Each structure stands twice: as structure tokens, then as C-alpha cells.
2 protein chains.
Amino acid sequence: MKDENSITVYDIADEAGVSVSTVSRVLNNSAPVKEKTRARVIKVMDKYNFQPNALARSLSKKRTKTIGFILPDITNPFFSEVYVKAERAALDLGYSIFLSNTMNDSEVESIYLKTLVEKQVDGIIFMGGRANETRTDAAFAEEMKVIMKKTPIVMINGEMEGVDCYRVKTDEADGFRKGLNYLLSLGHKEIALVGGIKGITSTDIKLDIFSQYVESAQIETKEEWIIESGYSIEGGYEALKQLLSLADLPTAIIAINDFIAIGVVKAAKEMGLQIPQEVSIIGFDNIYLTTIVLPAITTISHNYQELAAKAVNIIDGINNNQVYEKEHFFDSELIIRESSIGLMKME
Amino acid sequence: MKDENSITVYDIADEAGVSVSTVSRVLNNSAPVKEKTRARVIKVMDKYNFQPNALARSLSKKRTKTIGFILPDITNPFFSEVYVKAERAALDLGYSIFLSNTMNDSEVESIYLKTLVEKQVDGIIFMGGRANETRTDAAFAEEMKVIMKKTPIVMINGEMEGVDCYRVKTDEADGFRKGLNYLLSLGHKEIALVGGIKGITSTDIKLDIFSQYVESAQIETKEEWIIESGYSIEGGYEALKQLLSLADLPTAIIAINDFIAIGVVKAAKEMGLQIPQEVSIIGFDNIYLTTIVLPAITTISHNYQELAAKAVNIIDGINNNQVYEKEHFFDSELIIRESSIGLMKME
DNA sequence: TCTCTTTATGGAACCGGCTTCATTTTATAT
DNA sequence: ATATAAAATGAAGCCGGTTCCATAAAGAGA
């Protein structure tokens, strides 16, 4: 008897007195096998606890049932929440996922990209980092294009100039409007927009909508109330301090994302500003942290589940010769919690 | 010219006028190649943007440069923070990681285990879930043993009865003593222990130490102050409510982990109990959430970096025929923040 | 210039599956 | 029982690398 750890189809075939073709057939149910023969083969497989070597299979099938997922930082709940949904969808379809944290290091990003391609992944899902900068360096776009010839790339909530990959995304414009409309419905008119970085898709979209509301006079704002302070808790923290140094405050703040909103809440608490009694605030993304801070933050929720599942489905589909649209939008939803209240109730 | 997406060493060899052996040599630097020849081969490779197929390489080398990482939930910062460190260590050694979220579903866990083995990973890192239940079902232990014959398994901060895999772990006993000693040094004596589940290693260790302190009369506690309420924020939340229903309160609470501590803080805020003025609290793990709540939570920090790196190094080493101890301990550190203050200052 | 090494290179088998095509076996119809 | 169609199985090559072994080329010493 051979070393039990390297049993191959040949060993199984030998002992069962059949050919490897037959073993392969029972393994994959790829063609009819007489019941008696099948039973015999299975018995031998069980005896040795046979597990086929996926490398060999993938090599010949040219499919690995593997997906690469690239994101900047999995400890960031915004990314991890999409990731787990994607992983679940992948599991259902029999895929495993190589997770690649780039930590926003473009060199690391390139290394991972290269590795994933060498490992013959069936597709790559890209989220955040360089993948959602509106403008990107030409070299990187070129890199992506070369990969796309061979491996489908799906971008989640991102857009990359000059790269025509698949994109699944929340309709952020619509979601942002939902947030704004909610504030308006509460009677707010003097609104600040906090957070973001110009040149990043998710910021640009929101800035744009905000301007439209201002132009149509639905919102009254001031230049100093639009604070471009990134995407982090610290960014929100600093922004509120900055706001508090001004002569007059808005009655409501809409944050670029939940981290910013959380930072604002944290700063408010430290500086004795009451939320929502003195200022209402609304976030974006509905990461679970919004429920553990006090007050829990009203926010806009993505359809994580659908979004992630779609990304995975596209990759699976492409590998089965299906054809997909390049762009797919998903709904968002207003999640009302405690950080925003009607203007009347305030103060 | 062939389809540019499936260039092989044979194509390179042809065009460069050498044999595949030579191409392989320049690819791996596995044997000397005359400078002129090497240059010629590299030139052709560059021309076609050649990327070797890692499947084929792994098949023949019997090494995949791939690690499987199994944990219950990557959205949980406790796990994700270790994960990213492991991923970084892996990247440095040229490994990719298959991340597998089990969501505590043992069926999913088994599927992943099977898949990872079929994909021929060079090793599996296991964290949480069934992997740290002191007692586990025999079938699962058996499953693990079969895998271990072929694939090294490293457990992080876990222990599984009857499974003699590699283990890297924080010295939780020592860490917990650090926490307890700190509270004592602040003058606390009446202390509650909140959270955990008996039968899980990290709980059992702490309960044990706590008892020792009680027996040696360093701590005065009551039966009702020891509340086994799991590992979640909700668990901490409920536990504090329970404590508040009692006739008398401890002056300090030591939580099984940071989530519990955060839940306690949240409940305290809602119920008007001042922390740390009325009760001090200390957590365990040093997840980053401890810094975003108010008051920021005093806690015990693991040496994530070292822990994760060790797990990866062991797998890499075993694959290079090195020999390692089965168990490796790492230091912890007391992180003093604002949730605990001296007994004198309280009230 | 002619052995004797040393260094470079090529040929072919191998890693462990899958798949096409040919062949044998079995079932169906006459 | 015989011709014919259908089902089951086997043989061999392929997927794309690596590596051992043998041969050829280059360099060293006499």
C-alpha cells in the first residue's frame, strides 16, 4: 500500500481494477458508469480517504474555482462586510477566495495582482484603493488591461478611468439623495457636508449632488461647512472641531461615510455638543459600528448581499461563457436611528 | 504568434531557440545559464509578458506557496487584526492566503477544510470556532488528524482536546494577571468577572486565575458578580443590567474580552452609571474599538504581529523540513486608558 | 594540440488529473 | 440467433511546468 497521503486516481484505478478514465468519471459524474463499477471505485476511494488534487484538475480544466479579492484593509468594516457576503456567495458556487490586503501600498497591489494571475484565479474582485480613484496612473491602467485579457475583473463601488472592467456598485447618488431628502423632511436646511477626498469617486458623486441641492436652493450652506477631511474617524473628529470654531453652525451634518460620522459624534461628546439635540448627523454605508456608538447613527445602507453576490456571479458566469453588462447598480436604503431629529425638536 | 494569454515555457523556448529546461532555469535561477542565453530568453519573456502558470509549477514542486486561514468571522476585529498581520508575514515569504469564514457553522468549516486540502495548501491556520473549544467532538478531531498527516495545522490562541497540532498563543494567564494586578494596584478589591463561556479555553483560563486570586483573598467577589455572558457586545450589555439589579456593586469589573467591556460601557451610559467614576472596567484583546468608545477602554494587548508571523513561519519552516516546538507563547501588555481609575478617585 | 574538468544545454519523464477517440460489452429489435 | 444501436470502459495524449540524466561546449592544465 502506498503512502496514504499521495493516493492518485491511478492508485484507485489499479485497486478497483478499472481505468483512470472510469475513476475520473465517477469523480466528476461526467459520464455514466455502471452502478456496480461505480460502487467498487467509491469503496476504494473511501478506503484510502482519497481527495483529488485540485491543482492537477485545474491545470487540465483551465478553471481553478478560485477568486482573488483585493481591498485596502480588511479590518475596515466597510470592506469586511462586503467581503464576507462575497465569500458566502463564492462558497455557494464552490469557489475559494484569495484575500489580498494592499494597505494602500501600490507596490503590494501590483505584487498581488501578479500572483493572482499566476495562480490562475478565475476572476478578480477589486474594491477601494487605486480601484476607486477617478484618475489613476497610466501604468496601472495598462497593468489592468493586460490582466483583463485573460482574467475578468469586477470592481465594487469603484471606477477607474480608462479601464473598462465590470463594475457593480451602489447607486450612491440615489443613496445620498435619500439622506439629503430625509434631512430636508426633518426641516433642516442649513447643512454641512463633511469628509471625503476630491478625485475619489464616492466623494465626487456626493459633492456633485450636494451642489445641485444648493443650486436649487433646497439647501443653504457655506463654504466653510464643506470640509474635505478624508474617510477616517479622525477626519470626522477634526472636522467637527473645525466647525465649532466657526461663528455659526449648521443644524445638520451629512457625512461622506460612517467613519466620519462616528468621528464627529466622538468629538461632539468631548466638546459638549449634544447630538442630535443641537446638531443632527447622518452617515453613509451602515457599517455596524454605527449601532454601537451613542447615539446610534442614522445612515444609508448598501445592499451588501446583492452587491457582493453579483460580483461573484459575474465571474462565475463569464467563466461559463455568459455575457454581462459592464455596469450594475444596486439600491440603497435609509436606516433611521437616533443621530438625526426634526428641527422642531432640537435645542 | 500564439494567443498571448497562454504563452508557455515551450513557446518561449521555441522563440528563444533553447530548450524548456533552460527557460525553467532562468525562471527559477535554479542553475547557471550563460549570460547571453539568459538575456535572449528574458527578452522573449518580456516580449510576450510571460507569466508562468503557478498550478503547473505547484503540481510538480508539491508546494503551492499558499496558506489556508480559517476563522469564524473576519468582520470581528479580534480576528481581522491577527489576520492582516498573518497576511503581511505571508506576503513577505511569498505566500497567498485563502481566507475562510466559517461563521461558526461546523458544516462550512468541514467544507473549507476539505477544499483547502484539495487545493494543496502548504499549511492551515486555525483560529476561533471549534478550534478553541476545550472539548470537541471526536469526529472533528479525527478529521483534523487525517489532515495533519499531510498538511501542517497551526492553531492561534486555541487548544483542541486530542489534536496535537502546532499552537501559537498569547500567554492569556499572564495577561489576565496583569489586568487583575493593575486593578489591585488601583486599590480595587471588590471585582466582578463578566463574559465568557465555560468550556472555551480563553474563558477557562481566566476563571481559573480569578479563583486563585479569590482564594488567596486578594479579591473579594460574589457569586452573582461572575456572569458568564459570552463574547459579544450584547453579552456585556446584558451583564451590566444584571449587575445593576443587585443590591451592591463591585468597584471594578474585569471583562473576558473587549466586546464585553464595550457592551458594559454602552449599557452604563444608557443607565446613567458613570464609568470610571462609579465603576472601573478593564477589557482584554486591545481591539481598536476600545479607542473609539468613550471612555476609551483600558485593556490587555496581544502581540498580534509576532503571533501571526510565528504561525506563518512555522508553516513555511515545516515545508522546508525544519522542526518546531508544538507550543509557542507570546507576551501581552497592559494598555492603560480611561476606563479604570484609582479607588480613591472614584465617586 | 589533446586530454580532463567544469559549465551549459537539451531530452524525456514526471507531477495528477481530464478528455477524446476507439473498442468492448450489453441491450434492443428483427 | 443475428444485425444494430446504445452504453460502458480503456488507452493515450494533454495541461504547463520541474528535474534528472546525458550530452555538448567551453575552459584549464600538460
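Participant: Would you take a moment to explain the protein's contact with DNA strand D for this structure?
Facilitator: Around DNA strand D lies a shell of 29 residues, among which Ser19, Arg25 and Thr37 of chain A together with Val9 and Ser60 of chain B are the nearest. In this structure, Thr22 of chain A approaches DNA strand D through a side-chain N or O atom, which is 3.0 Å from a phosphate oxygen. The contact in question runs from a phosphate oxygen of DNA strand D to an N or O atom on the side chain of Thr37 of chain A, over 2.3 Å. Elements represented by at least two residues in the surface near DNA strand D include exactly helix 2 (20-28) and helix 4 (54-61) of chain A together with helix 1 (9-16), helix 2 (20-28) and helix 4 (54-61) of chain B.

Participant: What's the story with unusual backbone geometry in this structure? I'm lost.
Facilitator: Most peptide bonds take the trans form, and the phi angle of most residues other than glycine is negative. The omega angle of the peptide bond from Ile275 of chain B to Pro276 of chain B is 10 degrees, so this bond is cis rather than trans. Structurally, the position occupied by Pro276 of chain B is in the loop between helix 11 (258-271) and strand 9 (280-282). Of note, the bond from Leu294 of chain B into Pro295 of chain B is cis; its omega dihedral lies within 30 degrees of zero at -5 degrees. Mapping Pro295 of chain B onto the fold places it in the loop between helix 12 (289-292) and strand 10 (299-302). For Asn286 of chain A, which is not glycine, the phi dihedral falls at a positive 60 degrees. One can find Asn286 of chain A in the loop between strand 9 (280-282) and helix 12 (289-292). One non-glycine residue, Asn104 of chain B, lies in positive phi territory at about 60 degrees. Relative to the helices and strands, Asn104 of chain B resides in the loop between strand 2 (96-101) and helix 6 (106-118).

Participant: Whenever I open this one, the interface of chain A and chain B confuses me. Can you help?
Facilitator: By a widespread convention, an interface's size corresponds to the accessible area lost as its parts come together. Contact residues are listed per partner, giving 55 residues for chain A and 55 residues for chain B. The contact between chain A and chain B buries some 4,900 Å² in all, and 61% of this surface belongs to carbon and sulfur atoms. When the buried area of chain A at its contact with chain B is split by residue, Gln51, Leu55 and Ile292 of chain A rank highest and sum to 13% of it. Taken together, the links from chain A to chain B amount to zero salt bridges. The element that contributes the greatest number of residues to the side of chain A that touches chain B is helix 5 (residues 77-92) of chain A, accounting for eight residues. Of the residues assigned to the side of chain A that touches chain B, the class counts are 26 nonpolar, 16 polar and 13 charged.

Participant: Any chance you could explain the side chain of His328 of chain A here in plain terms?
Facilitator: Residue and element names in this part refer to chain A. Note that His328 resides in strand 11 (residues 327-330). A relative accessible area of 12% places His328 in the buried class. For His328, the side chain forms a polar contact with the main-chain oxygen of Glu325, separated by 2.8 Å. Residue contacts for His328: discarding those within four places in its chain leaves Arg167, Val168, Lys169, Lys310 and Ile314.

Participant: How should the nonpolar core be read in this particular structure?
Facilitator: Across soluble globular proteins, nonpolar side chains show a tendency to be buried alongside one another. Counting residues in each nonpolar core, the largest one holds 117 residues, and the members touching the most others are Phe69 and Tyr83 of chain A together with Phe69 and Tyr83 of chain B. Setting aside residues no more than four positions away along its own chain, Phe69 of chain B makes contact with Tyr83, Ala86, Ile97, Phe98, Leu99, Ser100, Ile125, Met127 and Ile156 of chain B. Ile147 of chain A together with Ile124, Phe126 and Met155 of chain B belong to the second largest nonpolar core, which has 34 residues in total.

Participant: Explain the relation of the copies chain A and chain B here, please?
Facilitator: Between the two copies of the chain lies a relationship made up of a rotation around an axis and a movement along it. When chain A is fitted to chain B, the residual RMSD is 0.1 Å, and the transformation amounts to a turn of 180 degrees plus an axial shift of 0.0 Å. What we have between these two chains is a two-fold relation. Relative to the rotation axis, the closest C-alpha in chain A is found at Phe98 of chain A, a distance of 2.3 Å. The share of interface residues of chain A whose copies in chain B are also at the interface is 100%, consistent with both copies meeting through the same surface.

Participant: Looking at this structure, I do not really get the side chain of Arg63 of chain A. What am I missing?
Facilitator: Relative to the elements of secondary structure, Arg63 of chain A occurs in the loop between helix 4 and strand 1 (66-71). A polar contact is formed between the side chain of Arg63 of chain A and the backbone oxygen of Asn319 of chain A, at a distance of 3.4 Å.

Participant: Can you walk me through the packing of helix 5 (residues 77-92) of chain B against helix 13 (residues 304-318) of chain B in this structure?
Facilitator: Between two packed helices, what matters for the description is the angle formed by their axes and the separation of those axes. All names here are of chain B. Interaxial distance between helix 5 and helix 13 falls to 8 Å at its minimum, and their mutual angle equals 55 degrees. It follows from the interaxial angle that helix 5 and helix 13 lie oblique. Crossing angle aside, the handedness with which helix 5 passes helix 13 is right-handed. Taken together, the residues of helix 13 that come into contact with helix 5 (itself represented by Phe78, Glu81, Val82, Lys85, Ala86, Ala89 and Ala90) are Tyr304, Gln305, Ala308, Ala309 and Val312. In terms of residue class, the contact of helix 5 with helix 13 is built from nine nonpolar, one polar and two charged.

Participant: Can you walk me through the protein's contact with DNA strand C in this structure?
Facilitator: As a matter of local geometry, DNA strand C sits amid 30 residues, with Arg57 and Ser60 of chain A together with Ser19, Pro32 and Thr37 of chain B nearest to it. The sugar and phosphate moieties of DNA strand C supply 61% of its atoms located within 4 Å of the protein. In this structure, Asn28 of chain A approaches DNA strand C through a side-chain N or O atom, which is 3.0 Å from a phosphate oxygen. Contacts to DNA strand C include Lys62 of chain B, whose side-chain N or O atom sits 2.8 Å from a phosphate oxygen. Elements represented by at least two residues in the surface near DNA strand C include exactly helix 1 (9-16), helix 2 and helix 4 of chain A together with helix 2 and helix 4 of chain B. Here the surface near DNA strand C is composed, by residue class, of 12 nonpolar, 12 polar and six charged.

Participant: It is not clear to me how the packing of helix 5 of chain A against helix 6 of chain B should be interpreted in this structure. Could you clarify?
Facilitator: Here helix 5 of chain A crosses helix 6 of chain B at 70 degrees, and the two axes come no closer than 12 Å. With respect to helix 6 of chain B, the element helix 5 of chain A is oriented roughly perpendicular. Considering the relative orientation of helix 5 of chain A and helix 6 of chain B, their crossing is left-handed. For the pair formed by helix 5 of chain A and helix 6 of chain B, the contact residues are Glu87, Arg88 and Leu91 of chain A on the first element and Val108, Ile111 and Tyr112 of chain B on the second. Grouping the amino acids of the contact of helix 5 of chain A with helix 6 of chain B by side-chain chemistry returns four nonpolar, no polar and two charged.

Participant: I tried to follow the domain arrangement of chain A on my own but got confused; where do I start?
Facilitator: Assigned domains of chain A: these are domain 1 (4-52), domain 2 (65-171 + 303-332) and domain 3 (172-301 + 334-346). Computed over C-alpha atoms, the centres of domain 1 of chain A and domain 2 of chain A are 37 Å apart.

Scoring rules and cut-offs
Residues numbered from 1 in each chain as written. Chains lettered and ligands numbered in written order. Predicted model: local features only at pLDDT ≥ 70, side-chain atom pairs only at ≥ 80, totals over all residues. Heavy atoms only, no water. Near = heavy atom within 4 Å. Polar contact = N/O pair within 3.5 Å; in protein donor to acceptor, adjacent residues only side chain to side chain. Helix = DSSP H or I, 4+ residues; strand = E, 2+ residues; numbered from the N terminus. Contact = heavy atoms within 4.5 Å. Buried area = accessible area lost by both parts, 1.4 Å probe. Salt bridge = Lys/Arg side-chain N within 4 Å of Asp/Glu carboxyl O. Nonpolar A, V, L, I, M, F, W, Y, C, P; charged D, E, K, R; others polar. Buried < 20%, exposed > 50% of the residue type's maximum accessible area, 1.4 Å probe, protein only. Core = buried A, V, L, I, M, F, W, Y, C linked by side-chain atoms within 4.5 Å. Least-squares fit on C-alpha atoms with pLDDT ≥ 70 in both. Axes fitted to C-alpha atoms, helices over the stretch in contact; angles between N-to-C directions. Parallel < 35°, antiparallel > 145°, perpendicular 65-115°, else oblique. Left-handed = near helix turned anticlockwise from the far one by under 90°. Domains from an automatic or database assignment.

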